[in-house]
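# Examination of the molecular architecture
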Amino acid sequence: SAVISQKPSRDICQRGTSLTIQCQVDSQVTMMFWYRQQPGQSLTLIATANQGSEATYESGFVIDKFPISRPNLTFSTLTVSNMSPEDSSIYLCSVRGRKNTEAFFGQGTRLTVV
Amino acid sequence: AQSVTQPDIHITVSEGASLELRCNYSYGATPYLFWYVQSPGQGLQLLLKYFSGDTLVQGIKGFEAEFKRSQSSFNLRKPSVHWSDAAEYFCAVDTLGGSGNTGKLIFGQGTTLQVKP
């Protein structure tokens, strides 16, 4: 299993500002993902964080709005840029060690934009 | 494209009663399937998974699920529900095996379980 530390756990931000969320894993993992969970909704994949290269974004998500870094196999950041109230969601980091294993999730970052 | 459907958005059962949460998937090959649970304010915890082999899989907290290829279903069951089982339940399918082998998961809409005393 993998233990994921996600920071901050929650934040309240002003519109127009940016927030960077950190995801730290206690072991090297092959795959890291960032999901968004809007209020009362399911999880939607934002992007796959690729180590040492640009992230792979899903349809509807762009790098300018959600820049992602992954400098090594245990750490990644997601930035939510130029925030608006529509960005109020829970953002979750997820990791998988190998392709035939389950995904583990961080506790999430509950973001409220006012 | 792969998809996951959980037909029941909200289910209420009495404590001690049996439970079945439905999950249907759309996928060309044999999928990898998961059930996760999310308690209020928490992240997701894996209940059980199906990769291959026995189609009846046992998970944590007394949950089990059965993979039925003919029905494209992976329903979650528990014989006797406890008040602590009240949470959001998500079914997910692994896109692994399809083109790209990305390893990402596609989630259903979720089912909210309420347990009556």
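Up top is the structure.
The notes below deal with the structure included here.

## Description of the overall build of chain B
- When helices and strands are tallied, chain B shows zero helices and twelve strands.
- In sequence order, chain B lays out its α and β elements as β-β-β-β-β-β-β-β-β-β-β-β.
- Here chain B has a C-alpha radius of gyration of 14 Å; the compact-globule value for 117 residues is 13 Å, and the two agree.
- In terms of overall dimensions, chain B has C-alpha extents of about 45 × 30 × 20 Å along its principal axes.
- Out of the 117 residues belonging to chain B, those deemed buried represent 47%.
- Summarising the internal contacts of chain B: among those between residues at least 6 apart in sequence, 55% fall at separations of at least 24.

## Thoughts on the environment of B:Q45
Residue and element names in this part refer to chain B.
- Residue position: Q45 is located in strand β6 (residues 44-50).
- Judged by its relative accessible area of 36%, Q45 is partly exposed.
- Spatially, the C-alpha atom of Q45 lies 18 Å from that of V4, the residues being 41 residues apart in sequence.
- Discounting residues that sit within four places of it in the chain, Q45 has contacts with W35, Y36, V37, I60 and K61.

## A look at the packing of aromatic side chains
- Following the criterion strictly, the structure yields 15 aromatic pairs over all chains and no others.
- Taking 6.5 Å as the distance between ring centres and 45 degrees as the angle between the ring planes, the aromatic pair formed by A:F66 and A:Y91 counts as tilted. Within this pair, whereas A:F66 is found in the loop between β6 (56-57) and β7 (68-72), its partner A:Y91 is found in strand β9 (residues 89-96), the two being separated by 25 residues in sequence.
- We classify A:F66 as buried; its relative accessible area is 3%.
- For the pair A:F105 and B:F107, a centre-to-centre distance of 5.9 Å together with 70 degrees between the ring planes defines the contact as edge-to-face.

## Regarding the sheet that holds strand β8 (residues 75-80) of chain A
Residue and element names in this part refer to chain A.
- Read from one edge of the open sheet, four strands run β1-β3-β8-β7, paired in antiparallel fashion. A strand with exactly one partner marks an edge of an open sheet, and here the two such strands are β1 (4-7) and β7. Here the average twist between neighbouring strands, direction ignored, is 15 degrees.
- By the bridge criterion, three bridges tie β7 to β8 in an arrangement that is antiparallel.

## Quick word on the pattern of salt bridges
- Enumeration according to the criterion identifies eight salt bridges over all chains in this entry.
- Across the salt bridge formed by A:R96 and B:D94, the nearest N and O atoms sit 2.7 Å from each other. Here B:D94 lies in strand β10 (residues 87-94) and A:R96 lies in strand β9, a pairing that spans two chains. Residue A:R96 shares its accessibility class with B:D94, and that shared class is buried.
- Notably, a salt bridge pairs A:E102 with B:K49, separated by 2.7 Å at the nearest N-O pair. Remark: B:K49 occurs in strand β6 and A:E102 occurs in the loop between β9 and β10 (104-105); the pair is interchain, linking two chains.
- Accessibility expressed as a relative area gives 34% for B:K49, which makes it partly exposed.

## Regarding the pairing of β8(A)
All names here are of chain A.
- Along β8, six of the six residues are buried, which leaves the element largely enclosed by surrounding structure.
- The alternating pattern of β8 places F75, T77 and T79 and S76, L78 and V80 on opposite faces, both of which are buried.
- In this structure, strand β3 (residues 19-25) lies alongside β8, joined through six bridges in antiparallel fashion. Within β8, the residue paired with C23 across the bridge is S76.
- Hairpin connection, β7 to β8: the antiparallel pair is bridged by two residues.

Quick notes on the rules
Residues numbered from 1 in each chain as written. Chains lettered and ligands numbered in written order. Predicted model: local features only at pLDDT ≥ 70, side-chain atom pairs only at ≥ 80, totals over all residues. Heavy atoms only, no water. Helix = DSSP H or I, 4+ residues; strand = E, 2+ residues; numbered from the N terminus. Rg over C-alpha atoms; globule rule 2.2 N^0.38 Å. Buried < 20%, exposed > 50% of the residue type's maximum accessible area, 1.4 Å probe, protein only. Contact = heavy atoms within 4.5 Å. Phe/Tyr/Trp six-rings, centres within 6.5 Å; stacked < 30°, edge-to-face > 60°. Pairing = 2+ DSSP bridges. Axes fitted to C-alpha atoms, helices over the stretch in contact; angles between N-to-C directions. Salt bridge = Lys/Arg side-chain N within 4 Å of Asp/Glu carboxyl O.

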